[in-house]
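One letter stands for each residue in the lines below.
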There are 2 protein chains.
Amino acid sequence: MLVKVLRLGHRVGRDKRATTHLFLAARAFGAVEGFLSGETDSNLTNSVNSLSNSWGGDFKVSYVKNWRKLVREFNGKIVHLTMYGIPVQNCVKKIGAGSDLLVIVGGAKVPSDVYELADYNVSITTQPHSEIAALSVFLDKLFDGKELLLKFPNAQKKIVPKKNGKKVLKYSEK
Amino acid sequence: MLVKVLRLGHRVGRDKRATTHLFLAARAFGAVEGFLSGETDSNLTNSVNSLSNSWGGDFKVSYVKNWRKLVREFNGKIVHLTMYGIPVQNCVKKIGAGSDLLVIVGGAKVPSDVYELADYNVSITTQPHSEIAALSVFLDKLFDGKELLLKFPNAQKKIVPKKNGKKVLKYSEK
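Being a predicted model, the structure only gives us computed values, none of them experimental.

J.: Sorry, what's going on with the interface of chain A and chain B here?
T.: Often the size quoted for an interface is simply the accessible area lost on bringing the parts together. On the side of chain B, 51 residues touch chain A, which itself brings 51 residues to the contact. Interface area for chain A against chain B, summed over the two sides, is near 4,300 Å², with a carbon-plus-sulfur share of 63%. Ranking the residues of chain A by area buried against chain B places A:Arg17, A:Tyr84 and A:Leu148 at the top, with a combined share of 16%. Counting across the interface, chain A meets chain B through four salt bridges. The salt bridge partner of B:Arg17 is A:Asp15, with a shortest N-O separation of 2.7 Å. At the boundary of chain A with chain B, the tally comes to 13 residue pairs in polar contact (both at pLDDT 80 or more).

Set out below in structure tokens:
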């Protein structure tokens, strides 16, 4: 099962950091690709892709102009994370059984047809918090914690876990 | 076991949204109190406290001038979330057994003595992502998913989970 993440309604000024962190979390917790919608932001996509290159693995993010087309043509299930949806603990097993997933994460105002386009509207608590938290906890539950053991091949740097302090291995490019 | 969250190195201009979302995630995933360190930001603390009031429960956040004093005098264990630490899956059971926790979440530059002051330096993956993701996944693992069932008493509004669309109950203040 491959998981891709679509971020709706990005605004360059206001959302730069939140959207960057969202895609980094998508990558770290096992998604394979990200799509940015809303305002174009090549600084953001370049910066996520460059970081992904340094830290390894194949995650990449690109801008999509027509996100509805992406959603309609996606070969798999559509999951929309929203505080109004069905609790994740009641549906994540079913969602994780089988086909690839496109996970939609809303911005400030989510167009109402997203709820219709989604196969699953899923809530990660019914409390207000953060799309980054929602996505990370969703992916962690979807992959049942196994994403914490993911390897990111061809990394130029790698952290070696330590009780105290920092240890980073750096590899020169070949 | 009560869990409190200390955010270090807040910068008013740059971190407003990230820090707000961090505290909202702390609340949603079961922490009982937040402490803001770095630059003072009464807009932020007021806004989190006001939201917490509307959505119920007792979570509150306040500014601390001397975070080292808070850490030293905390009656419980200190957990520092850092990508350089011990993998969460290897230590969360031990951390969750017993005393109250103060979870430290770093900002842009974490003073090096934080690593020493902490009883546990804990990583949520060794990849770069987001302090909001790290905190949420940590709390979810600490509470073993049970925080998803938390009730927030005296809420002025409540979401009723729906397959499709939105349902919010509003209660007038008494």
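Next comes the rest of the description.
J.: Explanation requested: the layout of surface pockets in the structure shown.
T.: Gaps left between atoms are located by rolling a probe of water-molecule size over the structure's atoms. In this structure, the second largest pocket encloses a volume near 660 Å³. Surrounding the second largest pocket, 24 residues form its lining, A:Lys141, A:Asp144, B:Asp140, B:Asp144 and B:Gly145 being those nearest its centre. Every element with two or more residues in the lining of the second largest pocket is listed here: α4 (88–96) and α6 (131–142) of chain A together with α4 (88–96) and α6 (131–142) of chain B. Partitioning the lining of the second largest pocket into residue classes produces nine nonpolar, six polar and nine charged.

J.: What am I meant to see in the relation of the copies chain A and chain B here?
T.: One copy of the chain maps onto the other through a rotation about an axis followed by a shift along the same axis. Between chain A and chain B, which share one sequence, the superposing operator has a rotation angle of 180° and an axial displacement of 0.0 Å; the RMSD is 0.0 Å. The superposition operator between the copies reduces to a two-fold rotation axis. Using C-alpha coordinates, one finds that chain A approaches the rotation axis most closely at A:Ala133, a distance of 2.4 Å. Comparing interface residues between copies, 100% of those in chain A also sit at the interface in chain B, which points to an isologous, same-surface contact.

J.: When you look at the sheet that holds strand β3 (residues 60–63) of chain B in this model, what are you seeing that I'm missing?
T.: Strand pairing in a sheet relies on backbone hydrogen bonds, with the paired strands running either antiparallel or parallel. All names here are of chain B. Spatial strand order, β3-β2-β1-β5-β4-β6: six strands in an open sheet with parallel pairing. Of all the strands in the sheet, just β3 and β6 (120–123) have a single pairing partner and so form its edges. Adjacent strand axes in the sheet meet at a mean angle of 30° when their direction is disregarded. Seen against the sheet, helix α1 (residues 12–28) touches β1 (3–10), β2 (33–38), β3 and β5 (101–105) and runs at an angle of roughly 175° to β1. The strands touched by α6 are β1, β4 (77–87), β5 and β6; relative to β5, the strand with the most contacts, the crossing angle is about 160°.

J.: Whenever I open this one, the pairing of strand β2 (residues 33–38) of chain A confuses me. Can you help?
T.: On a regular strand, each side chain points to the face opposite its neighbour's, so the side chains alternate between the two faces of the sheet. Residue and element names in this part refer to chain A. Counting buried residues in β2 gives five out of six residues, a clear majority hidden from the surface. Between the parallel elements strand β1 (residues 3–10) and β2, the chain passes through helix α1 (residues 12–28) in a crossover that is right-handed. This β-α-β element, β2 to helix α2 (residues 42–55) to strand β3 (residues 60–63), shows right-handed connectivity.

J.: What is the right way to read the side chain of A:Arg27 from this model?
T.: By the element assignment, A:Arg27 lies in helix α1. One buried charged side chain, A:Arg27, makes no salt bridge at all; its nearest oppositely charged neighbour is A:Asp58, positioned 9.2 Å away. Of note is the side chain of A:Arg27, whose polar atom sits 2.9 Å from the side chain of B:Gln127. The contact partners of A:Arg27, leaving out residues within four places of it in the chain, are A:Ser52, A:Trp55, A:Gly56, A:Phe59, A:Phe152, B:Gln127 and B:Pro128.

J.: Which parts of the structure should I look at to understand helix α2 (residues 42–55) of chain B?
T.: Note on helix geometry: an α-helix contains 3.6 residues per turn, so any two residues three or four positions apart are oriented the same way. Along its 14 residues, α2(B) runs 20 Å from first to last C-alpha, staying within 8% of the 20 Å computed at 1.5 Å per residue. Of all the residues in α2(B), the buried ones are B:Leu44, B:Thr45, B:Val48, B:Ser52, B:Ser54 and B:Trp55. Among the structural elements, β4 (77–87) of chain A together with β1, α1, β2, β3 and β7 (157–159) of chain B are those in contact with the buried residues of α2(B). The positive-phi residue at the C-terminal boundary of α2(B) is B:Gly56, with phi of around 95°.

J.: Honestly, the environment of B:Leu149 in this entry has me stumped. Any pointers?
T.: All names here are of chain B. Along the chain, the position of Leu 149 falls in the loop between α6 and β7. Relative accessible area serves as the criterion here: at 56%, Leu 149 is assigned to the exposed category. Linking Leu 149 and Phe 29, residues 120 residues apart in sequence, is a C-alpha distance of 9.6 Å.

J.: Hey, could you run me through the environment of A:Asp140 in this one?
T.: Along the chain, A:Asp140 turns up in helix α6. Judged by its relative accessible area of 4%, A:Asp140 is buried. Along the chain, A:Asp140 and A:His21 lie 119 residues apart, while their C-alpha atoms are 16 Å from each other. In this structure, A:Asp140 is in contact with A:Gly145, A:Glu147, A:Leu148, B:Val137, B:Asp140 and B:Lys141, ignoring residues within four places of it in sequence.

J.: Can you help me understand the packing of α1(B) against α2(B) in this one?
T.: For any two helices packed against each other, one specifies the inter-axial angle together with the distance between the axes. All names here are of chain B. In contact at an axis separation of 10 Å, α1 and α2 are set at 35° when each is read in the N-to-C sense. Where α1 crosses over α2, the handedness of that crossing is right-handed. Counted together, Lys 16, Thr 19, Thr 20, Phe 23, Leu 24 and Arg 27 of α1 and Leu 44, Ser 47, Val 48, Leu 51, Ser 52 and Trp 55 of α2 form the full contact between these two elements. Among the residues forming the contact of α1 with α2, the class breakdown is six nonpolar, four polar and two charged.

Definitions and cut-offs
Every chain is numbered on its own, with residues counted from 1 as its sequence reads. Labels are handed out in written order, letters beginning with A for the chains and numbers beginning with 1 for the ligands. Since the coordinates come from a predicted model, pLDDT governs what is reported: local features require at least 70, and pairs of side-chain atoms require 80 or more to be given and counted, while whole-chain, interface and lining totals use all residues. With hydrogens and water set aside, each side-chain value is computed from the structure's full complement of heavy atoms. Any pair of residues with heavy atoms lying within 4.5 Å of one another is described as a contacting pair. Accessible surface is computed with a 1.4 Å probe, and the buried area is the amount of it that two parts give up when combined, taken over both parts together. The term salt bridge refers to a side-chain nitrogen of Lys or Arg lying within 4 Å of a carboxyl oxygen of Asp or Glu. Nitrogen and oxygen atoms within 3.5 Å of one another constitute a polar contact, given that in protein one can donate a hydrogen and the other can accept it, and given that sequence-neighbouring residues count only through two side-chain atoms. Grid spacing is 1 Å over the protein atoms alone, the probe is 1.4 Å, and a cavity is where that probe fits but cannot get out, while a pocket is an open set with protein on both sides within 12 Å along at least five of seven lines and lining residues have an atom within 4 Å of a point. Grid points are joined across faces, edges and corners, and a volume is the space filled by probe spheres set on the points. By the criteria applied, helices consist of DSSP H or I runs no shorter than four residues and strands consist of E runs no shorter than two, each listed in order from the N terminus. Note on residue classes: Ala, Val, Leu, Ile, Met, Phe, Trp, Tyr, Cys and Pro are nonpolar, Asp, Glu, Lys and Arg are charged, and everything else, Gly too, is polar. Here the copies are superposed with least squares, the fitted atoms being C-alpha atoms of residues at a pLDDT of at least 70 in both. Paired strands, as defined in this entry, are two strands with at least two bridges between them according to DSSP. Axis definition: a line fitted to C-alpha atoms, limited for helices to the stretch in contact. Angles are taken between N-to-C directions and run from 0 to 180 degrees. Accessibility here uses a 1.4 Å probe with only protein chains present; expressed as a share of the type maximum, an area under 20% marks a residue as buried, one over 50% as exposed, and anything in between as partly exposed. Consider the strands pointing away from the viewer: the crossover is right-handed when the path from the first strand over the helix to the second runs clockwise. The charge count treats Lys and Arg as positive and Asp and Glu as negative. His and the chain ends do not count. Between the first and last residue of a helix there are one fewer steps than residues, each counted as 1.5 Å, and that sum is the expected span. Helix crossings get a hand from a simple test, with the near helix turned counterclockwise from the far one by less than a right angle marking a left-handed crossing and a clockwise turn marking a right-handed one.

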